[in-house]
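Observations on the three-dimensional arrangement
So the chains spell out like this:
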Amino acid sequence: MRTLIRDCRLYLNGKIVENCLLVIDAPLISDFGVDHGLQLACDVEVSAKGRLLLPGLVDPHVHLRDQGLSYKEDFWTGTASAVLGGVTSVIDMPNNLPPTATPSDLAERMELAKGRILANVGFACKPSPDHSLNSKLAEGGAIAFKMFVYEHMDRGRLDLPLVERVLESLSKLDRVLMLHCNVKTSFSEVLDLVKSRRAFKLCRVEKGLAEEILAIARKHGARVHFCHVTCPRTVELINDYKGFVRATLEVAVHHILLDHSILNGLGPMAHVDPPLRSRSTARRLFDMLRRGMVDFVASDHAPHALFEKEGEDPKPGLPNLQLMMPLLMTQVKRGRLDLSLVLERASARPAKVFGLRKRGAIVKGYYADLVEVDLKRRLKVRSDILVSKAKYTPFEGATLVGVPVRTYVNGVCVNDDYTIVGKGGEGVVLMPR
Ligand code: DOR
Ligand code: ZN
Ligand code: ZN
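1. Concerning the state of the cysteines
In total, this model carries one disulfide according to the counting rule given. The disulfide partner of C203 is C231, and the S-S distance across this bridge is 2.1 Å. Residues C203 and C231 share a disulfide whose torsion about the S-S bond is about -90 degrees; that sign makes it left-handed. With C203 in helix α6 (residues 200–220) and C231 in the loop between β11 (223–226) and α7 (232–241), this pair connects stretches of sequence that are 28 residues apart. By the burial criterion, C203 is buried, and C231 matches it. Counting only cysteine sulfurs, C181 is the nearest neighbor of C227, a cysteine outside any disulfide, at a range of 8.4 Å. Left unpaired, C413 is separated from the closest cysteine sulfur, that of C8, by 14 Å.

2. What about the coordination of the zinc ion (ligand 3)?
Looking at the zinc ion (ligand 3), one finds its protein donor set to be H61 (NE2), H63 (NE2) and D300 (OD), positioned 2.0 to 2.1 Å from the metal centre. Each donor residue of the zinc ion (ligand 3) lies on the same chain, and together they follow the pattern H-x1-H-x236-D. Between the zinc ion (ligand 3) and the zinc ion (ligand 2), a separation of 3.5 Å is found. On the criterion of sequence distance, the pair formed by H61 in strand β6 (residues 57–62) and D300 in the loop between β13 (296–298) and α11 (306–310) is long-range, its members being 239 residues apart. Given a relative accessible area of 4%, D300 falls into the buried group.

Conventions adopted
- Residues numbered from 1 in each chain as written.
- Chains lettered and ligands numbered in written order.
- Predicted model: local features only at pLDDT ≥ 70, side-chain atom pairs only at ≥ 80, totals over all residues.
- Heavy atoms only, no water.
- Disulfide = S-S within 2.5 Å.
- Helix = DSSP H or I, 4+ residues; strand = E, 2+ residues; numbered from the N terminus.
- Buried < 20%, exposed > 50% of the residue type's maximum accessible area, 1.4 Å probe, protein only.
- Donors = N, O, S within 2.8 Å, 3.2 Å for Na, K, Ca; no water.

This is how it looks when you write it as structure tokens:
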């Protein structure tokens, strides 16, 4: 099927070019450029009415749940959130029920996803100290591996021998190990730390863990990716190591745009692991992204049911996917972020690092994963606009711009006028190259 998009603005070679057209021969982009008004044969012709047409975002850190956790989110609601947020490819984390830890778990998850996903999904698996198991997972399509390493502030240490065995194994498989490095803190512990002004201690732990892991990665030539880094010194450290280690780092949108002062009003609805940091830390992290010291921006979409957020020991996690493009484009519109940086760090670079072939940019022959963005339309954030099963958001009340009014995945329109029109199955399971 051939779709012709007319009257769009394209971001080409560092600048916005008016009055362009783009031709999709699904699933690929077959042509684009300035529209000279020629007649072109097509099955569908749409006008973007002068709006920006951008590559879909690639979010390397998302928890889609489903299976035993489908009361929190499922493949449909999670990927519907993605495409309304301008995100066309995601990497799903393995802390599921069952965890994505064996080849049959992975195969089952892939099978369930097929036919139900509106965005492309790659699956990260839980690594094992057993190389042959990791190898089978890699063969089965594990696009990356993800490990949670926790250090308690006063007790216990991380299991360094385990991390070492895993990194040794994954370096042979040339797969990235994604790491959650943090102190595990309950909501009440977070409140205590903030009140007593001891939250900086969390940063010391994050940096210490990163340093130990970087040293092991260096020894084994392994690839490591640090998820949701929250401290400027950790960002500096990882950048210092980049000459010796194949390391990348991400910030989560909430850690750069929000700070722990909102815990007073929103309470557990703003509880996330790692927790929100101080206003000055968030500002410094944002600035580091602006200056190019951060590889990717992720949502860390981690939906929970309301009863779990409101209970005794509230679960950490925020459902951010649907807000990704508006959150970032609002910063672009305010002149705080460059559009080129957003497209590079939230689309092109994650696509490249995780080996998503022919995605993350508008190039002839690439997959037509595209977003038509309305920079004038406002989005008033309220939890009831979310298509996620998780009806809460720490961005409640914010007014954003840059609404993804149309989203194409593999050349098929799945969101039209900020409404889901896809049937599911337009997205594909992303396989490692
Ligand atoms: O806030 C978080 N939620 N942090 C994590 O590391 C896990 C995630 C989840 O899966 O809910
Ligand atoms: Zn995490
Ligand atoms: Zn996460």
